[in-house]
Amino acid sequence: MTTDVFPELSLTEAEREIDAHIFARIPEADHEAKLLRVTQALSLLGDPHRGLDIIHVTGTNGKTSTSRMIESVLRAHGLSTGLFTSPHLTTLRERIMIDGAPLAQDALVRLWQQVSPAIHAVDQASLQRGGPRMSFFEVLTVLGFVAYADAGVDALVLEVGIGGLRDATNVADGRVAVLTPMARDHDKYFVGGLPGVAHEKSGIIKPGATVVSALQKDEAAQIIVAAAAQRQASVFWEGAHMSVASRRVVPGGQVVTMRTASRNYVDVFVPLHGEFQAQNALIALAACEAFMGAGVPRALSLPAVARGFAGATSPGRMEVVSAEPTVVVDAAHNPHGIAALADTLRETFTFDRLYGVVAVLADKDADGILAGLAGLMDEVIITQTRSRRASEAEELAERARAIFGAHRVRVAPSVPDAVQMATTLAGEAEGEAGVLIAGSITLVAEARQHLQATHMPVTVDAETVVAAADAADAPVEAADDRRRVDDAGGAGAVPA
């Protein structure tokens, strides 16, 4: 099948051309001007973002998983949804999801035909002022807003690219602002340590919005409180207004009971691993309550919540992608994320021996990442991805030898070579051996593609797990639901 835009090309070839054009654009350098360029492009296209109902999500770790869970729960309640996340693992169309599916190839081609004249007009105006062309993320943001407006989605879950205040997505006004845990990261972008991070990320809070925040360190919480007060936004905090009451590990994930300002949600199956994913689920649930309640948390349907979480996925986040041997991939790429990964791995798996595959991007804290992984891995294979930002394997290996010890470090020239080396070692080891692939999102993307083509996949039947959990516990009756809301002090009240 060929296209009107690229008449000589198939849809796949046309997508490849669009992808190449977008990602040939350099990342943002002048962070102040990018909002102007995005605003100008959207203005030429009729300001499609102005008609969208938005949940805006930022944070240092967990924002993609949280965004995906929010979208899934809203869709389970019958809303049509848009989901804008980054980065992608296989195709850029994963960044622009509509009703749970990536943007279709033919829709991408039509979208590019519609949007590209505005992109090129803004490029020319910027170049004439001595500035750069629009960056790849600016272009993707414009594409996303147009796609969601054209689809007429009821709700858009919008994940920032980096930060918040100066992020390209911040041209839009989110009715609900979601703040996942904050930590130091991207030190060249954020000035002033953790308070600087919090200042930048709290920039997504708009006048009159509702804020849902995970637990934060005091110095970040103070910045958030001040930003919300200045903009007359209400804040719902983990710990004060919502909490994870209990959780237990089950095959394929965990069963979580969550308490919010509106009700208790008992024994919800979350098909993701780790305490941090239970926290992400709680924040996602509270965000949905605030959105569905027009700013005042509203108790949601238990069956719909159960369906929404059971159907949630987070590719590349503590994901078991292969069996025989077990291979786990995780996109953790900073010390905070690695610490959460370590806790989750110890809780979920009982490996006698663990082999690691690690690659890191040059702008990341390589020593912090390696130090966090050294206590988990018996041996590590250091490699490098195809990214232009990748640290060279030999340079990273030198750092690894200083932390792991030279006898525990191997080097492979490419991701497929490293994965093959690790799976071979695990397959030959005595006892239960596994492979952990972590340190870079680009590493996870390349490893997943290789493993999907060469190894046995792993699937989890979520319905079976949910049914088993239901059978083990008495169902929640409507009378119980009303009692729990009353005990919590009514919708929107702060639990005692």
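Structure shown above.
Residues numbered from 1 in each chain as written. Predicted model: local features only at pLDDT ≥ 70, side-chain atom pairs only at ≥ 80, totals over all residues. Heavy atoms only, no water.

(A) Summary view of the overall build of the protein. In terms of regular secondary structure, the protein is built from 16 helices and 17 strands. Here the protein holds 496 residues, and the buried ones make up 57% of them. Within the protein, counting contacts between residues at least 6 apart in sequence, those at least 24 apart form 73% of the total. Approximately 19800 Å² of the protein is accessible, and the part contributed by carbon and sulfur atoms is 51%. (Helix = DSSP H or I, 4+ residues; strand = E, 2+ residues; numbered from the N terminus. Buried < 20%, exposed > 50% of the residue type's maximum accessible area, 1.4 Å probe, protein only. Contact = heavy atoms within 4.5 Å. Areas by Shrake-Rupley, 256 points an atom, 1.4 Å probe, with all protein chains shown as cover.)

(B) Region of interest: the pattern of salt bridges. As enumerated under the stated definition, the model contains 19 salt bridges in all. With a closest N to O distance of 2.7 Å, arginine 25 and aspartate 123 form a salt bridge. Linking arginine 25 in the loop between helix H1 (11–23) and helix H2 (31–44) with aspartate 123 in helix H4 (residues 105–128), this pair joins segments that are 98 residues apart in sequence. Note on arginine 25: relative accessible area 1%, which makes it buried. Between arginine 37 and glutamate 138 there is a salt bridge whose closest N-O contact spans 2.8 Å. Highlighted residues: arginine 37 in helix H2 and glutamate 138 in helix H5 (residues 136–151), separated in sequence by 101 residues. As far as the burial class goes, arginine 37 and glutamate 138 line up, both buried. By sharing partners, the salt bridges in this structure join Arg353, Asp378, Glu379 and Arg410 into a single network. (Salt bridge = Lys/Arg side-chain N within 4 Å of Asp/Glu carboxyl O.)

(C) Fine view of helix H8 (residues 275–292). Here H8 spans 26 Å end to end across 18 residues, near enough to the 26 Å set by a 1.5 Å rise per residue. For H8, the buried fraction is high: 16 of the 18 residues fall into the buried class. Following H8 by one or two positions, alanine 294 has its phi on the positive side, about 55 degrees. (Expected span 1.5 Å × (residues − 1).)

(D) Structural detail: the sheet that holds strand E16 (residues 409–411). Taking strand neighbours across the sheet as the criterion, the six strands line up as E12-E13-E17-E14-E15-E16 in an open arrangement whose pairing is mixed. Each end of this open sheet is capped by a strand with a single partner; those strands are strand E12 (319–322) and E16. Within this sheet the neighbouring strands show an average axis-to-axis angle of 25 degrees, counted without direction. Pairing between strand E14 (residues 353–358) and strand E15 (residues 379–382): four bridges, direction parallel. Among the inter-strand pairings, valine 357 is bridged to a residue of E15, identified as isoleucine 381. (Pairing = 2+ DSSP bridges. Axes fitted to C-alpha atoms, helices over the stretch in contact; angles between N-to-C directions.)

(E) Seen up close, the environment of valine 235. Relative to the helices and strands, valine 235 is located in strand E8 (residues 234–237). Ignoring anything within four residues of it in the chain, the contact list for valine 235 reads Val211, Ala228 and His241.

(F) Just the pairing of strand E13 (residues 326–330), in detail. With four of five residues buried, E13 lies mostly within the body of the structure. Bridge count for E12 against E13 is three bridges, and the pairing is antiparallel. For valine 320, the partnering residue across the bridge sits in E13 and is valine 328. Here E12 folds back onto E13, and the loop between the two strands holds three residues, one of which, glutamate 324, carries a positive phi near 55 degrees. Taken together, the five bridges between E13 and strand E17 (residues 433–438) define a ladder with parallel strand orientation. Bridge pairing in E17 places valine 327 opposite valine 435.

(G) Representation of the nonpolar core in the model. Grouped together as the largest cluster of nonpolar side chains are 40 residues, with contacts concentrated most on Ile70, Leu74 and Phe309. Residue assignment for this core shows that the elements contributing at least two residues are strand E1 (54–58), helix H3 (63–76), strand E5 (155–159), strand E6 (176–179), strand E10 (253–259), strand E11 (264–270), H8 and helix H9 (302–310). The element best represented in this core is H8, accounting for twelve residues. Setting aside anything within four residues of it in sequence, one finds phenylalanine 309 in contact with Met69, Val73, Met258, Val268, Phe269, Val270, Pro271, Ala281 and Leu285. (Core = buried A, V, L, I, M, F, W, Y, C linked by side-chain atoms within 4.5 Å.)

(H) Layout of the sheet that holds E10. Ordered in space as E9-E10-E11, the three strands form an open sheet in which the pairing is antiparallel. The strands lining the two open edges of the sheet, one partner per strand, are strand E9 (243–250) and E11. Each adjacent strand pair in this sheet contributes to an overall mean axis angle of 15 degrees, direction not counted. Two strands pair when backbone bridges link them, and E10 and E11 are joined in this way by five bridges, in the antiparallel orientation. Each bridged residue has a counterpart across the sheet, and for arginine 259 the counterpart in E11 is asparagine 264. Together, E9, E10 and E11 form the strand contacts of H8, whose direction differs from that of E10 by roughly 45 degrees.

(I) Fine view of the packing of H1 against H4. Where H1 meets H4, the axes come as close as 10 Å, and the angle between the chain directions of the two elements is 35 degrees. Relative to H4, the crossing made by H1 is left-handed. When H1 is examined against H4, the residues Leu11, Thr12, Ala14, Glu15, Ile18, His21 and Ile22 are found in contact with a partner set consisting of Gln105, Asp106, Leu108, Val109, Trp112 and His120. Among the residues making up the contact of H1 with H4, the classes are represented as seven nonpolar, four polar and two charged. (Left-handed = near helix turned anticlockwise from the far one by under 90°. Nonpolar A, V, L, I, M, F, W, Y, C, P; charged D, E, K, R; others polar.)

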